[in-house]
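Residues per chain are reported as follows:
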Amino acid sequence: MKKLIYAAAFTFAISFTIPVFAKSPSDAKFTHLGNSAALPDNAQAYGATHKFDVHVQGKAVSELMIESPEDVKITEGIEVNNKSGEKIPATVSINGKEATITFSEAVNPGTSLSIQMQGVRTPLYENTWHYSVSAKKVGMKEEIPLGLARINTYSG
């Protein structure tokens, strides 16, 4: 009987510690970050593009805010596309390390966005760059942190 109780307790305890992963980006119930990359990923490349995906879920998103890491500068602006490659109309404002993307029309749930920061200048050494990303949702005044978009660059 004790073995049965221990087995049941172990099974119960394990069921709360096993992580659950979404099968696709649309399975999640909240807006979240997706894939990220540097193009090219060579740290010595002049004016690379750093990009990451945002999967909009829950409520529509009206703005995205991006804070660049120290020593990183976006010189050629930011472009936003949907998964089909169509440009999403938005106003982009870059003030030092802070960038704000204000969408002409709120981005509806179920939409995947590709954020492409163009002409990115880094100190030319290999590193993992962390961009802090947050969003404003329709009907909300506060920013909601989405996390860090992680961009890796490599030497030669």
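Look a little higher up for the structure.
What you see is a predicted model; the values in this text were computed from it and never measured. (Residues numbered from 1 in each chain as written. Predicted model: local features only at pLDDT ≥ 70, side-chain atom pairs only at ≥ 80, totals over all residues. Heavy atoms only, no water.)

A. The arrangement of the sheet that holds strand E6 (residues 90–95) in detail. The antiparallel open sheet is built from 5 strands, whose spatial order is E6-E7-E3-E9-E10. Edge positions in the open sheet fall to E6 and strand E10 (144–153), since each of these has one partner strand only. Strand-to-strand twist in this sheet, taken as the mean axis angle between neighbours without regard to direction, amounts to 20 degrees. When strand E9 (residues 127–137) meets E10, the two strands line up antiparallel, connected through 9 bridges. Paired with Ser132 across the bridge in E10 is Leu148. (Pairing = 2+ DSSP bridges. Helix = DSSP H or I, 4+ residues; strand = E, 2+ residues; numbered from the N terminus. Axes fitted to C-alpha atoms, helices over the stretch in contact; angles between N-to-C directions.)

B. Quick look at the pairing of strand E8 (residues 112–121). The buried count for E8 comes to 8 of 10 residues, which makes it a mostly enclosed element. In this sheet, E8 lies alongside strand E2 (residues 48–55) in antiparallel orientation, the contact comprising 7 bridges. Pairing of Phe52 across the sheet is with Ile115, part of E8. The pairing of strand E4 (residues 73–74) with E8 spans 2 bridges and is antiparallel. Paired with Lys73 across the strands is Arg121, a residue of E8. Of the strand pairs in this sheet, strand E5 (residues 78–82) and E8 are connected by 5 bridges, and their pairing is antiparallel. In the sheet register, Asn81 faces E8, and the bridge partner there is Ser114. (Buried < 20%, exposed > 50% of the residue type's maximum accessible area, 1.4 Å probe, protein only.)

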